[in-house]
Structure formats: structure tokens, C-alpha cells
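# Secondary and tertiary structure notes
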Amino acid sequence: MPETELHPETGSESVLRRIVTGNALVSVLSVLMALIVGGLLIALTDEEVAESAGYFFSRPGDMLGAAWSAASGAYIALFQGSVFNFEADTFSRMIYPLTQTLTVATPLICAGLGVALAFRAGLFNIGAQGQILIGATLAAWVGFSWHLPVGLHLLIVILAGALGGALWGGIAGLLKARTGAHEVIVTIMLNYIAIQLVLFLLTTPGFQRPGSTNPISPQLDSTAMFPPLFGSGFRLHWGFIMAIAATVFIWWLLNRSTVGFELRAVGANPAAARNAGINTTKGYVIVMLIAGALAGLAGVAQVSGTEKVLTSGVAASFGFDAITVALLGRSSPWGTFAAGLLFGAFRAGGVTMQTSTGTNIDIVLVVQSLIVLFIAAPPLVRSLFRIPPPGAFKTSGKRMSKKADAAQGAA
Amino acid sequence: GAAPEEDSASSGEASANGDFLACMVSDSGGFDDRSFNQSGYEGLKAAETDLGIEIKTAESQSETDFGPNLDSMVVQNGCNITVTVGFLLADATKEVAEANPDSHFAIIDDNSIEADNVKPIIYDTAQAAFLAGYVAAGTSETGKVATYGGINIPTVTIFMDGFADGVAYYNEENGTDVEVLGWNKADQTGSFIGNFTDTGAGKTTTENFINEGADIIMPVAGPVGTGTLDAVVEANAGGATNKVVWVDSDGYETAGTGKEYILTSVMKLMGEAVEEVITQDVEGNFDASPYIGTLENGGVTLAPYHDQEDAVPADVKSAVDEIKAKIISGEITVESAASPK
Amino acid sequence: MKLELKGITKRFGTLVANDHIDLVIEPGQVHSLLGENGAGKSTLMNVLYGLYEPTEGEILVNGKPVVFSGPGDAMAAGIGMVHQHFMLVPVFTVAENVALGNETTRAGGSLNLETTRARIRQISEQYGFDVDPDAVVEDLPVGVQQRVEIIKALIRDAEVLILDEPTAVLTPRETDELLAIMRQLCDDGKSVVFISHKLREVKAVSDVITVIRRGKVVGDAPPSASTTELASMMVGRSVSLNLQKEPAQPGAATFQVRDLVVLSDTGQAVVDHISFEIAKGEILAVAGVQGNGQTELTEAIMGLQEHVAGSITLDGEELVGKRVSQIIDAGVGFVPEDRNVDGLVGTFTVAENLVLNRYNKAPFAKGLSMRPATVAKNAAEKIDEFDIRTQSAEAAAGTLSGGNQQKVVMARELSRPLSLFIASQPTRGVDVGSIEFLHKRIVAERDGGTPVMIVSTELDEVLELADRIAVLYSGRVMGIVPGNTSRDVLGLMMAGMSAKDALSHQSENEGGAQ
Amino acid sequence: MSTATTLASKGQPADVKPIRSWKTPVILGVLAILGFIMFGLGSPASEVTFRLTDANAAIQLPDIVVSAPVLGWIATVVLLASAAYAFVLVSRYQHIPGWLIAVFAVFFIAAFLTWAVGSARSPSVALYGLLAGSFTLAFPLIFGSLSGVLCERSGVVNIAIEGQLLFGAFAAAVAGSLSGNAFVGLFAAAIAGVLVSLVLAVFSIKYIVNQVIVGVVLNVLVSGLTGFLFSTVLSADSAKWNSPPRLDKIAIPLLSDIPILGPILFDQSVIGYLMYIAVAAIYFGLFHTKWGLRTRAVGEHPKAADTVGINVNRMRFWNVLLAGAVAGVGGAFFTLVSVSSFNRDMTSGQGYIALAALILGRWNPIGALFAALLFGFASNLQSVLSLLGTPVPNQFLAMLPYVVTIFAVAGVVGKSRAPAASGIPYIKS
Ligand SMILES: Nc1ncnc2c1ncn2[C@@H]1O[C@H](COP(=O)(O)OP(=O)(O)OP(=O)(O)O)[C@@H](O)[C@H]1O
Ligand SMILES: Nc1ncnc2c1ncn2[C@@H]1O[C@H](COP(=O)(O)OP(=O)(O)OP(=O)(O)O)[C@@H](O)[C@H]1O
Ligand SMILES: [Mg+2]
Ligand SMILES: [Mg+2]
């Protein structure tokens, strides 16, 4: 197609237009909008703001000042807690927040990949929570009750975690393939069953510390733990490298491997996949096994890296956050990776925000979900900020080729 | 309203201890859990007003927040003493305490850390629950009493153990056969909601107990206990005389709706202990020996009967006072798998 | 009612689908629209029916300009439309479908389907439809579904009825019945806009024919114009409507189907004891109205059906019980009837679709890893060879036009050595030029010595390609007849008459006519 | 294929393998063997008492006393026989009749109850209480799944049920407390549900954001927002913000005196009666009114609806809003009927269970009602069993509702058919 003659525009112009109409700007504005709404909430419920609101008409500046300082203070703390702490004394403390972000992102990325992969194969895996738990349980058990040499032990622990998650995911896949049971129901139910199972195991002596009946497992052997990535001063561990490896692997699997081709085909058009000789029922089982294994790795990252013990809360809400992470990442491996980092930053930064400014931690959830909503609805942000739609300067022909380019880039 | 004077407001409460920072990290229940996080938090607030110190708090949304919250408190904010609420925080507390030997810590409901800068605050709750069990058995009109928990963990089951033993002791003394529903001490099995949030489940569970004939119920499930009060209020509206044994704080003071049906409360005075430990530290008297709340030192106790004063037979009341003395003297030992060792 | 379109222009982005079209539809007339794929016929009708907003131009009803903001307005103005793809809710009953959007309610607000049922029966009677108001639509044969669509329009008192390619799915007899209905409607003073690619029908039923090319009206033609004239008017060049092919040189019958039974999920025999064989170098066409077991037959051969009994052998090897992938590996090429659903993954690139059933074989894969370079190279070759019009090999297949999608599937299946080639509706929705090309490729495959099985509901296509014709009716073979059997005999067989009866019935009729 | 012949009408060649599904007999077989082990071999040697009426009920019914071993063995025999019969039927290519499943289910449940209660320390149970509790627990689920039915029938997937319930509960508590009037609270709950729906509708219908994303995110948003306000506002002064008045129970004279069912069905709060109305109205509305016909059409084949002049997206929009109101009222049940104050995350994931109930009930209001009741029964059974002191660890009992649900979807329901366009945005050209 003779695109060039349709667009005789100069380079700088086109760059400008791309920025103005591009997704990056929309994403930035989405974050901005969410922050504004969150800031309003923070300000509205701030004590000082409420106090000064009482005499708003005699000295309005007080209230506005208080509102501004409440909101901006909270966000500065959020940034300091998640990216870079410019007030710290030492360099390592300055970058400590970033390492915290990566630490929290690790399980989010792994579990997010599991949800994303299932999505690509047309399955809605709400079960990451349960898969993380079972993966963590098996990994922890191998970690504290088997005693193996360095290297081998960690390897077996990782395998055990993946196996546990795969088992839990595989049940849903198998039931879907064999009986047609809706995977949404089955995975929701398996989440509940998993937590009860873990609660039960933690009441048995085999999972408790000697001499204690508290529902906490013994610490994993040091041979079963991920070594710290930057020394013991940081919580960041090699699990993050595992998450990167998992992302690369899933990227390869989806885009470069025959298995991924099958899974994507099953997800995009099961009928055509069947016609092409792909066994779709086997596909469902395989995809849920792999998805479960990925969530299981998130469990491993928790018990072998961050928490070092098994408790019933070891999965936090990572399994549910993983759904949003995957969807926000548009179910692509690197998208999920990036979304995982963003959510990791929120969780890590939220801690500092709470402790140093006293802002309620729940506000992080609010801001986080607003950001997702705004990012997911570019037209809304565009219309709010009166940004022209991306195709406004282009013809549809150009648009199609851009899509093709993007597809090529992704492949 | 009128605007306050510019500078008088902030300088008002400045005091000698203004540079002492006491902090607290909750477990995942949050400080408004109407349960032990809240009790601890109230102690911290009391210390703030009484001692004029600075305080900071961090709520954990999940167990993965413990470490970061503690780190943020101690390393970033430089807390002089940090109180952590709940045994789940033990590992995180231990780790941070080891890394920061100059900071002080106190941990509620855990006695596993042995370090010079960590003070365990633990309770022999079973002692007070024993008394509650005795009162319940002595007051029950149906001969059945009940208890249930949030989750099957030692800090919960220690209440249930004590309660069951108190009932058993009553039966032994009086040759009666009062039954405990919802908890089997020997097997350590019983009724649990599975969480500390589902108030509705607390209510249906209580209704089930009432249907099975229990008339005194002790919920050990934090905010879920309000479900029990609601069930009792509804049942009593039809003329029944069911009663509730509250836990942790004096429910008559804190619970609101249905407080008139609270027979008594098994109090675990965490706020007082927290304030005391902070006071000691402010005064420079911090020590790492465990604080064990018992009937003897008043760390655990039975709340007044309030509106149910008349429901409890006089001989039961006097027996309770005797038993209390016997427990303090060691004549009666109350044992639970979860008792502090 | 007189309907006028004045200067209608419809643009999709830069594409001008309709370019200043003027059209007058007189009452009591059948007005046919002719034009090749993508000429803009459906678009024009969608504008007329209020589904699309015209970019320019106006619509006049009885001389007064009207603006349709949606189909509701068009219907209120007395326009009804039967779409190329049926607009029926499959899980609803006939009555529910007919009532939808035109409901009558009782006092309490509850739906009064009784009135609708009565009206359906009344219209059925008037026009000789045999439609049960309480049948669930998805269980009905397409021919009946189409009548439901017509009832939907009539019940709303449509004065102008638009029929967009209504005969594509009908038997010759059903087609005749439909044409009769159309005439009857005109006699009642209604008018019909009729779109069809089948020139013979257009000539038979029309009062006026308007030909559209590339969005513009090229002119009107009388029904008496010859098919060749009409075809060249449509395409803008002269086309050969007949395929030149050598007589078949059949070799050994390497493909044999014996006593094949296929059960549906509900246990009905949808393929009922079928036996036939195809020799190397021979084309067997399977004719029949859609829904008479063709789909199940081809799917059974491909291993896509679950409940299959009997025997299917290829080169002496039993295929029944084998997995789809094994059957593909045995050298069976398959073009499914519904390319969008079964043949292509719309979101995959053209290149990926071109290896959809060979993605895990050399040279496209090595072990578990695919080789994007060879996949791309293959795509470039096939796009060139089959003249696939696409932005690039990396464009999503779903963005291609229907004809080009079909070429992707054909290219994929015809680009490896085959021991059997099965194609269902190989040229459905493909324009005249491409049909020519695809037919040549199919014949070339035959001449290369491959047994070929063509399943088509288009008699024209069947007659053009077949060396022998098997007619399916209700899951059974009505007979296997030579490739030059007359259209009328085939029509009778497609309606359920055995080959023998059809032949004798036909000769009787001819005898009677003379 | 109206003309296709059925197999029975003609002789099959020997090698034809007609369709038979072993799924049902296998499941029945497994359950029967389980029954044999538990109810037969493992039968407690006790008499089991089922109490039918409350001590102060108007009409008293005598207790039912059964011998656990006797009933256990009778049931075992019946179960094994039914399973065997099912195998025989399937091997003869015959259909398994519904009554066989029903007989099996009745005996299984009766024997299970007897076994479970008999194994408890006190082998006596208040059957009326067991049922009443099931009903109470099912309430929010019913409202939640009705909300799901309304949305999905019109083509919008509603994952946000949890958020609607939670926000409804929150709004009812706050508005009820502030106004001192429970009905104001109820109204506010409906509005709150509508607000959540509004976001769902605007984002998924107008801005075509993936419906599942919006739903999941809304749940997080509501949880965060209510949690935030709970900590910052409600906890600070709970007398003012968080002590809503109750909706009292209204007993219908005579009807509420019917033994067992009377007090359960006819001694309800306003929300309880609203539930009956909602189920009936939505069922009637969906299947017997113009609105329902259009709603279903829009959820099945939006384009077809469009071509007959129905505004698809407007239809969806209003349905989603209505669904929000229904779920909001369900949320009010938590704070106006069930318990007397709002609590952080007090819906505890019931919105997700409601989603499951909706699918289990095959997108039908009545089906959803029964699925929710099944779930409520399983939940309350585990509660009753654990208080009676069964030897089974509490955590396994707690799994019961979830395991039952999985069995139900996998075994009985299988491939259920969602509205065809559910989850697919309708974009008009
Ligand atoms: N919604 C749309 N968006 C963009 N382009 C469209 C759209 N609908 C149709 N077109 C384009 O408009 C042109 C006319 O299409 P239309 O469907 O009217 O053709 P047609 O004459 O009905 O063809 P056929 O005989 O195959 O049915 C085609 O080139 C098609 O690509
Ligand atoms: N919404 C749309 N946006 C952009 N292009 C479209 C759209 N809808 C259709 N098209 C384009 O219209 C062209 C033809 O579509 P259409 O489905 O009418 O093809 P066709 O040749 O008429 O096939 P068939 O007759 O088999 O339906 C394609 O090029 C397709 O990309
Ligand atoms: Mg077309
Ligand atoms: Mg067309």
C-alpha cells in the first residue's frame, strides 16, 4: 500500500502526533487521574483537613494547604517507598525501595503469567490463589522436611512448588476437558478448598514447629531458600530472576513454540484448532497445568524467598491481584511483567505511605483500581482531556498497517 | 467555627517525652478489628496521651506486609520501641530485632523469640476462661453451653480449652452434666468460622447452637462475635434468655447492640500491658523478660456481670472467687496445649 | 409504496462502498441487484434498512424524504429485510423470534405470543409456508429459517421486502417456491429487492435488474439480457463462465467409504449407511442442500466426529478411530465449509494460518521450537502463488475479505503432497475471477492424481467440477450419477428422490412437454 | 434434521458404537461405594433424633428417631442397587430416568445426615434449624446470582457481584445509621448497587473495556473504598455511622405456623419477602414479558435484536443497572437483617459463590435460587456438624460446600450453555 504518499508529513510532526495521540500519554494521564481522585479521598478524610474545614470561611488557605500537603505527602511517600528514597543516608537505602518493589512483584508476575497464559488459551483462571497456596505448601514441606545438598534442594523445592500449583490447576483443566465443568466455578471452589487444606495441614504436627502448636511451619532449610540477590541487606532474592526466566519462557512458549501455537489457537478459535489436528481437550489440561505451575512458582517465591515459612496467609491476595495484572498486561508475557512491577510498586510504596504519613493503606487499593480502570478505557481519558483519537490524523489503511507492524513486533 | 491561633495548637502537647517514638504493627486484621489488634492499639493511644510520646502505626493487609512494615518502622522511622501484634509476626520481628539491636520490641501473643531487645507479652488466658466456663455452667438453664472460634489457632483455642475445663470443673464439683457444644478439648476439634470477617456466619452458627439447646455462647472470633450478639438479641426477643460470654475486652463497654445479654467477658488486658511496657521503656527500664498476663497479676480477668448480675446464682459467684484464689495459689492448675510455657 | 434512493454514498474510512447511487423501487415489482463480491449491494441495503447511516444522499418514501436512525424507523416505514446471514435468535422459538421487537402484551404486561402464533399461522397459510410457531429455530432447516425471516418482515406489514442472497442455501425446488412467493407478494402490491449471484434466478423473477460495480450503478438491464451479458456488465470485462477441463483419467480407487454411520449427540443417524469410493485422478462432487449430512460426512472422514461406525480407508489404511492429526499426516487436505469458524484463526496472522496444521512439522518447527523464518518464507510464496490480497503476511487473517480468506485456506491445503483432497464449498463468497483460479487449482490437483471430493450446495459449481456426483439427502446417498447429469434430475434427487426415480420422472416430464 | 431417522428404528451393523455416557453411572457408583463404606460399614451404633419443631412452635411435631445402622444399611442397598441399575441401563443404551437420580439423592442425603449426626457426640439435631440456617445463608447468594442473571442474560458478564453486595451492605449501614430508618438504608443499598453497576455499564458498554477486567477491578475498588471509609470514618464514631436499625421480621399469620417451613418461609424481614418477589418477578419478566424477550435476545444475538429495532446497548445498560439494585438489596441483608453493623470485607467472597450459583443454576432465576439453597445447605450442614462434634476435622467440613459444588458442576450439570453473546461487547458499525 502506498502509505508514504498519503502521509507526506515531516518527521518531527509525526513524532509529536504520535506522542499526543499515543498510548503512552493516555497511560500517563490515566495514572494522573487516578492519583487525583485518590488524592481527593486522602484529603477529604485527613484529620487536619477536617479540622481546618471547620473554619474554611475564615481562613480557606488552611484547608487547601492541609489538603494539598496530605495528598502530596502521601504520594511522595508512595514514591519513596517504591522507587527511590532520596531522603535516605546511604545509597543502598536509597535504592532499597526499588528492590522491595521487585520483591513484591515477583509472585505477582509469576501468578499473573499463569492467569495470562490461561487467558490466551481461552480459559479464565480465577484459581491462581489456590494454586499459589498449594504450590507454596508443597514447596515449603520439601523445603523444611527434606534435607538435601545445596543447589539440589532449591531445585527440588522449585519443582515441588510448580508441581503443587500444576496439580491444582490441572484439576480444573481436567474437569473442564472431561466433563465440561465451567472452569470459573471450579477454580473459585478450589481456592476455598486450598485454603482449608492449608489451614488443616498447619494444625498437624508435621507442619508445625517443634514444641509449638501455632499454625506456622518451621523455616525452610537455608539450602531450600533463594539466595539474596544483592546481599543480605535487601529482601530481594533470586526468585526475581526466576520470574524473569518464567516471563522469557512464557514468551518463548507462546510466540515461538509449537505448544504455544496450539494453545493460542485453542484459545482464539477452538473449532479451527480442532480442524487443524490440535487436541483441544488435551490443550485445556496442558494449559491449566502450566498456568498452575506458574502460580505454584509464585508460591515458591513466597516461601523460599520472601517469607521463608508457610502460613495460611502466605499467598496474601496475590492470586486475585494476578488476574488484574494479567488483564492489565493484555495477557502478553512482557505486559504482565510490567503490570506486575506496577502493582509491586503500589504494594511496596503503600507500606511507606502508611507508616510515614499515616495514610490508610486501603487507599492504595482504591488508587490501584482506578488506574486500571482508566488505563483500560483510553477513550474515556481521551475524551476527558480532549486528546484526538489515534486514527484522527491517519487513514484506516495506515491504521491497518500499524496493527500489522505491532503484530510483527510482538511476534 | 473560629480559626485557632496560629501556633498555640502545635506547641500545646509538647512534653519531655516528645522525641520518644513508639510504634505498632498490626496483623492482617487491622486496628479496627474490635479484637486484639484494637486492644493493643488502645494501649498505644493511652501511652501517647499519658506519656506525651509520639506514636506511629502500620496496618498489615496481609502477612507479606509484616516484614516491610516493620522495616519501615524501625529503619526508616527510627522507632524506639515497636510493638507487634500476634504470633504471626514473630519471624519478622525476630529478623528485624536482630538487625537492629539498639531498637526495642514487644510482641503480643508470642514467646518464641529470645533476644535482649524483644519483650514477649503473653497471656494465660485459659485461667480467666476457666472462670467463665464455671460461671456459664452455673448459670445455664438448659445444661448446654457453647463456644466457637474464628480460626483454629492456639490464641483462640486457649479460650476454648479454659472454658471447657471450667465447665468440666463445675460438673465435677456439683455433680451436674453441663455439656459444651462446639469444642472438644481432648481432640482439639470444634466449630470454627474459618475467618475473622464473616459476621453472618457467626450469626447462623450461634442460631445453630441455640437450636441445639445451648443458652450461653462464647464466640472467640473477633468482630464475628457481633453476629452472636445479633442472634441472641433476635432469639431473646421471643422470650428466650440466651447469654453471651465476650472475649478480649469487656464487651459491655465495647460491643454496643445486645450488650445487656453479655454474661461476662474473658478479658485479656493487652492495652494495659502495652502501655506498661512502653512506660518502662520511656523510663529506661526496658527488659526482655516475658510479661505473662495471669489472674494473679490481673493481666487476664473476668469482667463484671453488669446487667446479668441477677442471672448468676450467688453460690456460683462466690465459688468463682474461691476458684480464682485457688488458681492464683496454684491449687488448681488450668492447662491448655496453648498455655504459655 | 414507492421507494427512492438519491445519491447514496457510504464510506468506510477511505473506502467508498456506495458511490452516489440512485435507485427507484416501484411498487409491485421485483427489483434485482447484481454485482460481484464487495460491489456494495449489502451495504446499500443496510443503508436502506437503517443499519448504516449514509455518508451522503437521501431516501424518499412516496416522494417524501425520510431519515432512518435505526432499523426500527425503516420497519415503521414499511421496509423489511432478510439478511444474508440470518438474524434469528437460535434458542428462541419461531414465535418468539417473530414477536421480538414487535411484541403484543396482555393487560398485566405479560407477553402475548398467542396473537403472534395466530398471525404466523395466517401468513403461513396465505403464502404456503409450513412453519410451526413453536419450533425452536436452531432445530429448523435453513429453508424454514428463511421463511421465518420472511414472516418477520410480513408480520410488520412490510411493503418493500429486501432479500439479500436468499437462495444461496436453498434446494432448487425451495428456490422455485421462494420465487413464486416473491411473485405473489408483488401481486399483493408489495415490492421486492432481490440480491443474488445466480443469474438464472435473477432473469427468471425480475422486473428490473440494476447492476452495481465498485459502488457505482453501471446501469439497468432487462430480464431478457443473456447471462454472459449480465456477467460482463458486473465484472467489467468478459468472463468465461465455463471451466475448460480434460476428461478424468481415473486410476485406482484408493479412497473408500463403506457403510458409514455418524450419530449426532442426540443419537440420530445424520450420516446413514453411506458407501462410495473415489479413484485417483477423479473428482467426486457431493451435492445436496445444506444440512443433509455433508458436514458430518466430511468431519467423519477427518476424524472430527465422535460417534462413527463403518469403515473409511485411504490407501488401504483404516481412518476411522484415528486422530485428526494422524489423518492430516496421512495426506488428507481439508477445506471446511465455514472458513471463519473452522478454517482460520481470525486473530492469527496470515502466515500462521498458512501453517495452521503443519506448525509442528519440519521445516516449520524443529523440536518444540517453531522457525519463524521458514513460516514467513512459506507465507511469501503462497501469497504470491495464490494471489492473496493482504496488507502483509503478518496481517490478522480476520481482516482479509471473505474471498481472500478462502484463498488462504485453499493455499494451505493445496501446498503439500496429498493423497486425498476434500473441499467443502470451495468458492463460497469468492468473486468470479478467483473462482476461475481456484477451480483450475482443484482440477490441477485431480490431474496430479489425487482423489478429490468436492462438497457443494451450488449446482453450478458441482456441474462444473464433477466427474461423478453423489447426492446426499437426509444423511443418505440418493445415488451416484455421472458428471453431466441434468440440473433437474439433480434437483429432484436433492429433494429426496432416488436416482432411478428422478431419471424416469424427468424423462416422463420431458415426454409430457413435447 | 427433522427427517433423520433414529437408531432404534433400524438395525445397526455390529460395529456401530452408539452413544452412551458412563459419567452418571460412574459417579453414582463411586458415591454408592462411598455410602457402603460410610453409612454401612462405618455406621454409628446409635439412635439418631431429628427434631422437627421448635419447643415453642404453635404446632408441635414428634421427633423422628431412626436407628443409624438400620437406615445406613437400607440406604446402602438402595444406593448400590440404583447405581447398578444405572449401569445396566447405560450398557443397554437406555436413558437413566430422573426418578432414579432423585431416589439416589434422597437416600444419599438422608443416610449421610443420619451417619453424620449419629457419629457426633450428641446424636440429635434440630432439622428445622438446619434448614432455616441454610435459607439464611443462601439469601445474599440468591440476590447476587439474580444480579448475575440479569446482567448475563443481556450479554454482560458480571464479576462485580461481590462489589455490589459489599457496597450495598456498606451503604445500608451508613444511610440506615444516619437516618435512623432501615428503609432509607435499604434504598441506599439499592442505589449503591446501581452505582457499582453504573461503572460496570459505562466502562464495559460505552468504553468497551473487557467486562471481566471491570468486574474484577470493581471488587477491589469497593473493597478498598469501604475498607478505607470503615477505618477512617465508621470506626471513629460507630454510634453515628455504623449502628443501623434492623429490619424486623414480619410473620405472616397462619402461614408462619406451618410446621418446619412456616417459620423459615413466612417469618421473614422485608428483604426476605423482596427476595421471593425478585425471584418470581425476574423469572416471569425474563420468560413472559416483552422486556424479558428483548433482554434474552440482546444476550443471545444482539445483531438480530438490533435489526428489529431494539437498542442493544441501552437494553444492556438498564439491565446492568437493575442488576445492581438487586444485588445492592442483597447487600443490605448483611447489615440490616443478618447482623447489626458493617464490617470490613464482610461479604467474604459470597459474590463469587453467587457467580457459581448462577452458572450452576444455568442462568435461570429459579435454578439460581436452588443452587444458592444447595450451597446454603452445605454451608450450614458443616456448621451444624462441627458443633455437634463430629470426628471429621473442621477444615474438611468447611470444604463441604465447595466440594459439593464441584461435584454438581462436573457430575450433574456438565456443559451448561451461557447466553451466547455474554461477555461480547456490541459494537454498531
Ligand atoms: N462495516 C464495514 N466496514 C468497512 N468496510 C466495509 C464494511 N462493510 C462492508 N465494507 C466494504 O464495503 C464494500 C461493499 O461490501 P458489501 O458487503 O456491500 O458487498 P456486496 O456487494 O454485498 O458483496 P457480496 O456479494 O459478497 O455480498 C466491500 O469492499 C467491503 O469491504
Ligand atoms: N468492521 C470492519 N472494519 C474494517 N473492515 C471491515 C469491517 N467489516 C468488514 N470489513 C472488510 O470488508 C471486507 C469484506 O467483508 P465481507 O465479509 O463483506 O466479505 P465478502 O467478500 O463479502 O465475504 P462473504 O460474502 O463471504 O461474507 C473485508 O476486506 C473486511 O476486511
Ligand atoms: Mg459478502
Ligand atoms: Mg452482500
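What counts, and where the lines are drawn
Residues numbered from 1 in each chain as written. Chains lettered and ligands numbered in written order. Predicted model: local features only at pLDDT ≥ 70, side-chain atom pairs only at ≥ 80, totals over all residues. Heavy atoms only, no water. Buried < 20%, exposed > 50% of the residue type's maximum accessible area, 1.4 Å probe, protein only. Helix = DSSP H or I, 4+ residues; strand = E, 2+ residues; numbered from the N terminus. Contact = heavy atoms within 4.5 Å. Buried area = accessible area lost by both parts, 1.4 Å probe. Salt bridge = Lys/Arg side-chain N within 4 Å of Asp/Glu carboxyl O. Polar contact = N/O pair within 3.5 Å; in protein donor to acceptor, adjacent residues only side chain to side chain. Disulfide = S-S within 2.5 Å.

## Some details on helix H3 (residues 66-76) of chain B
All names here are of chain B. Burial analysis of H3 places 9 of its 11 residues in the buried class, the great majority of the element. Among all positions in H3, only Phe66, Gly67, Pro68, Asn69, Leu70, Asp71, Ser72, Met73 and Val74 are buried. Looking at the residues trailing H3, positive phi occurs at Gly78, about 60°.

## Concerning the interface of chain C and chain D
Accessible area lost during the coming together of the parts is what is often quoted as the interface size. Across the boundary between the two partners, chain C contributes 47 residues, which contact 36 residues of chain D. Both faces considered, chain C and chain D share a buried interface measuring about 3300 Å² in area, 62% of it formed by carbon and sulfur atoms. Salt-bridge contacts for Arg296 of chain D lead to Glu96 of chain C; the nearest nitrogen and oxygen are separated by 3.4 Å. At the surface where chain C touches chain D, the tally comes to 5 residue pairs in polar contact (both at pLDDT 80 or more).

## Comments concerning the interface of chain A and chain B
Between chain A and chain B, the contact holds 36 residues from the first and 33 residues from the second. Both faces combined, the contact of chain A with chain B buries some 2800 Å², and carbon together with sulfur accounts for 46% of it. At the boundary of chain A and chain B, one finds 3 salt bridges. We note a salt bridge from Asp65 of chain B to Arg347 of chain A, for which the minimum N-O separation is 3.9 Å. Taken together, chain A and chain B are joined by 10 residue pairs in polar contact (both at pLDDT 80 or more). Sorting the residues of the side of chain A that touches chain B by element identifies helix H6 (91-120), helix H15 (333-357) and helix H16 (362-376) of chain A as the ones contributing at least two each. The greatest single-element share of the side of chain A that touches chain B, amounting to 6 residues, is contributed by H15 of chain A.

## Section: the state of the cysteines
Joining two cysteines, a disulfide is a covalent bond between their sulfur atoms. All names here are of chain B. Applying the stated criterion across every chain, the model contains 1 disulfide over all chains. The disulfide bridge from Cys23 ends at Cys79, spanning 1.9 Å between sulfur atoms. Judged by the sign of its S-S torsion, about -85°, the cystine formed by Cys23 and Cys79 is left-handed. Placement of the pair is Cys23 in strand E1 (residues 21-25) and Cys79 in the loop between H3 and strand E3 (81-85), with a sequence separation of 56 residues. Cys23 sits in the buried class, given a relative accessible area of 0%.

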